[in-house]
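What the coordinates show
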Amino acid sequence: MENILLWGFYFLTFYAFLPGIVSRTFGFRVFKKGRAESEISLTFDDGPDPVYTPQLLDLLKKYNAKATFFVVGVHAERHPELLKRMHEEGHVIGIHNYVHKSNWLMRPATVKKQIQKTYDIIKGATGERVHYYRPPWGIVNLFDFSNLGYLQIILWSSLFSDWRKRVGAPRLTARMMKKLKPGQVLLLHDCGATWGADIDAPANMLKALEHYMEEGTKRGYRFVHITELIAITDKHKEAAKGLPGLLKRGAVAVWLAWEKLFHLVFRLESIGNDGIFHIRVTEYHGQTMKLGDGRDLHDKDKVIELHLDNGKLHRFMMESRSLMHLAIRMIREVESTLPRIAAQIAGRKEYQDVRAIYGISMIHRGVEKFGFTVSDLPKGWFDRMTRIYLRLMLRVLNPAGKSRLKEHKEKLKPRKMAMSMETFWQRYGGDPSEQAWQSAAAGLEEKDANPQARTTPLSHNDFEGHNAAGGVTP
């Protein structure tokens, strides 16, 4: 007996409770509130009702409002003329099951039949396909998400117990006025002929709704059906893409403030007023590193350590219109900064004994084109801490840092890069216009300016190849 009860508990948890909690709390696979400046969506359940639905339609027409009706199939079957009027007057009709019964109390196949039967009734009366579904009481089961591929589940942002007559019109009006805000999806009822409702409760709803719509119209609000609110919400989301939220902006500000402190404490030297790198002289610590020109970098050799200006990197990420554009800007920055480093340190005593120019990067594909040799960090605590630090940096500074980390986690491994000073002087101590990488940047710029010249879009691999300095510490 105990096992039966336990299995029953597991079944109810996964079939009913968890899907309901996830959908209503987190909005998974459902729409329940919009983003708008002046639009509100009115939705009505349980009808149509031969007494109250016609009165509601008259009221909506008075205020030039469009609404969404989630009809119960058994009621709709008796009053197809009301469905036809809803459709002709520009309202949207959705499904609320054939009978007003919870999906928790029905098998998935039964729910599917209820929905299909109501769908056929609506389509037969209006000639239009149905796109929306609201389960009774907003309760879904585990299989609703997969069984309703052609239907969007609509819940609500506000409900007011308007199915109870004892609430009364004045109190109902007061409750509704608190939700006179853009983006709201209001749940109301135009029929009281369902279990738990009072048959005459819609009379109070109509009185409260008129006060609500009158005040809303004075304030400049529009009452729209769910299709329009979804479209407006999608536009707001699209416009907001790439705009960081308050938390993101705060994290970036804290990170950049810490970076300024880091530069001060470790006495980093800026390259001009706006160079992409900062530098300092320090000692290399680690295993001997064989460089590309045959020279060796030994433990405790003096090096020029490169540090990326993350404020500038973040600005580039926010301003660039595409990955191609960002890659071009980074190439141009490296193109101009490396020769400026050579000019700035030339003849200075503190740089005389330096053996190499050195940095640690998590984005290291293609850096050999700039003269660097790439090598793995030795396994250990420094490797682990560096990996954590650089991934955190990318997640904070890059607008798409979280998704990029998730998609390319296996590629984003910090590696050390070094170039002997002999190679550095040979490449960047002369006329920068003679460098081979300048032609690469010009080629990319030509493709960015002429879309027809592109044969394939820039991939993450291409981007990482051109954005060679993107992950240099910090």
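Residues numbered from 1 in each chain as written. Predicted model: local features only at pLDDT ≥ 70, side-chain atom pairs only at ≥ 80, totals over all residues. Heavy atoms only, no water.

Their axes nearest at 11 Å, the elements helix α2 (residues 52–62) and helix α4 (residues 80–88) cross at an angle of 10°. Comparing their axes, α4 and α2 come out roughly parallel. Along the contact surface, α2 presents Thr-53, Pro-54, Leu-57, Asp-58 and Lys-61, while α4 presents Leu-82, Arg-85 and Met-86. Grouping the constituent residues of the contact of α2 with α4 by class yields 4 nonpolar, 1 polar and 3 charged. (Axes fitted to C-alpha atoms, helices over the stretch in contact; angles between N-to-C directions. Helix = DSSP H or I, 4+ residues; strand = E, 2+ residues; numbered from the N terminus. Parallel < 35°, antiparallel > 145°, perpendicular 65-115°, else oblique. Contact = heavy atoms within 4.5 Å. Nonpolar A, V, L, I, M, F, W, Y, C, P; charged D, E, K, R; others polar.)

Okay, the pairing of strand β8 (residues 185–189) next. Across the 5 residues that make up β8, a large majority, 5, are buried. The pairing of strand β2 (residues 39–45) with β8 spans 5 bridges and is classified as parallel. When the sheet's bridge partners are listed, Asp-45 is paired in β8 with His-189. Pairing between strand β7 (residues 158–159) and β8: 2 bridges, direction parallel. Counted as the bridge partner of Ser-158 is Leu-186 from β8. As for the winding sense of the linkage, the β-α-β connection from β7 through helix α7 (residues 169–177) to β8 is right-handed. (Buried < 20%, exposed > 50% of the residue type's maximum accessible area, 1.4 Å probe, protein only. Pairing = 2+ DSSP bridges. Right-handed = clockwise from strand over helix to strand, strands pointing away.)

Bringing the packing of aromatic side chains into the picture now. Inspection of every chain in the model, using the stated rule, returns 5 aromatic pairs. Aromatic ring contacts, followed pair by pair, group Phe-424, Trp-425 and Tyr-428 into a single cluster. Between Lys-117 and the ring centre of Tyr-98, over which it is positioned, the NZ or CZ distance is 4.1 Å. (Phe/Tyr/Trp six-rings, centres within 6.5 Å; stacked < 30°, edge-to-face > 60°. Lys NZ or Arg CZ within 6 Å of the ring centre and 35° of its normal.)

Here the focus is the packing of α4 against helix α5 (residues 108–126). A pair of packed helices is characterised by two quantities: the angle between their axes and the separation of those axes. Relative orientation of the contacting elements α4 and α5 amounts to 65°, with a least axis distance of 8 Å. With respect to α5, the axis of α4 lies roughly perpendicular. As α4 packs across α5, the resulting crossing turns out to be right-handed. Two secondary-structure elements touch here, α4 through Pro-80, Leu-83, Lys-84 and His-87 and α5 through Ile-121, Ile-122, Ala-125 and Thr-126. Across the contact of α4 with α5, the residue classes break down as 5 nonpolar, 2 polar and 1 charged. (Left-handed = near helix turned anticlockwise from the far one by under 90°.)

Let us now look at the confidence of the model for the protein chain. In the predicted model, the protein chain carries a mean pLDDT of 78, and 69% of its residues have values of at least 70. Predicted confidence for residues 5–16 stays below pLDDT 50, and this span has 17 contacts to residues more than four positions away or in other chains. Residue range residues 431–474 is modelled with pLDDT below 50. Its contacts to residues more than four positions away, or to other chains, number 95 contacts. (pLDDT = per-residue confidence, 0-100.)

Attention now moves to the side chain of Thr-118. The topology assignment puts Thr-118 in helix α5. Within the local environment of Thr-118, its side chain forms a polar contact with the backbone oxygen of Gln-114, the two atoms lying 2.9 Å apart. When near neighbours in sequence (up to four residues on either side) are disregarded, Thr-118 contacts Val-71, Gly-73, Ile-95, Asn-97 and Tyr-98. (Polar contact = N/O pair within 3.5 Å; in protein donor to acceptor, adjacent residues only side chain to side chain.)

What follows covers helix α15 (residues 421–428). Every α-helical turn comprises 3.6 residues, leaving residues that sit three or four positions apart pointing alike. Those residues of α15 that sit buried are Met-421, Thr-423, Phe-424 and Tyr-428. One face of α15 carries all of its buried residues, which in axial projection span an arc of 155°. (Arc of directions from axis to C-beta.)

On the surface, Leu-261, Leu-264, Val-265 and Phe-266 cluster together into a nonpolar patch covering about 410 Å² of accessible area. Assignment of secondary structure puts Phe-266 in the loop between α10 (246–265) and β10 (269–270). You can call Phe-266 partly exposed: its relative accessible area is 39%. (Patch = residues over 30% accessible without salt bridge, like charges linked within 9 Å, V, L, I, M, F, W, Y side chains within 5 Å. Areas by Shrake-Rupley, 256 points an atom, 1.4 Å probe, with all protein chains shown as cover. Salt bridge = Lys/Arg side-chain N within 4 Å of Asp/Glu carboxyl O.)

Before going further, it helps to spend a moment on the pairing of β2. Of all the 7 residues making up β2, 7 are buried; the element is thus mostly covered by neighbouring parts of the structure. Burial along β2 is two-sided: Glu-39, Ser-41, Thr-43 and Asp-45 and Ile-40, Leu-42 and Phe-44, pointing in opposite directions, are all buried. Judged from the 3 bridges that link them, β2 and strand β9 (residues 222–224) form a sheet pairing that is parallel. Each residue of the ladder has a partner; that of Ser-41, found in β9, is Val-224. Of the pairings in the sheet, the one linking β2 to strand β3 (residues 68–71) comprises 3 bridges and is parallel in character. By the bridge assignment for β3, Asp-45 is matched with Phe-70.

This next bit is on a positive patch on the surface. On the surface, a cluster of positive charge is contributed by Arg-164, Arg-166, Arg-171, Arg-175 and Lys-178. Tracing the backbone through its elements, the reader meets Arg-164 in the loop between β7 and α7. (Lys, Arg positive; Asp, Glu negative; His and termini not counted. Charge placed at Lys NZ, Arg CZ, Asp CG, Glu CD.)

The next thing to look at is the pattern of salt bridges. Any two side chains of opposite charge can pair, so long as their charged atoms come close to each other. In the structure shown here, the tally under the stated rule is 16 salt bridges. When the shortest N-O distance is used, the salt bridge between Glu-89 and Lys-61 registers 3.5 Å. Taken as a pair, Glu-89 in the loop between α4 and β4 (92–95) and Lys-61 in helix α2 lie far apart in primary sequence, 28 residues in all. Looking at Glu-89, the relative accessible area reads 17%, which means it is buried. Classification of Lys-61 by relative accessible area gives exposed; the value is 53%.

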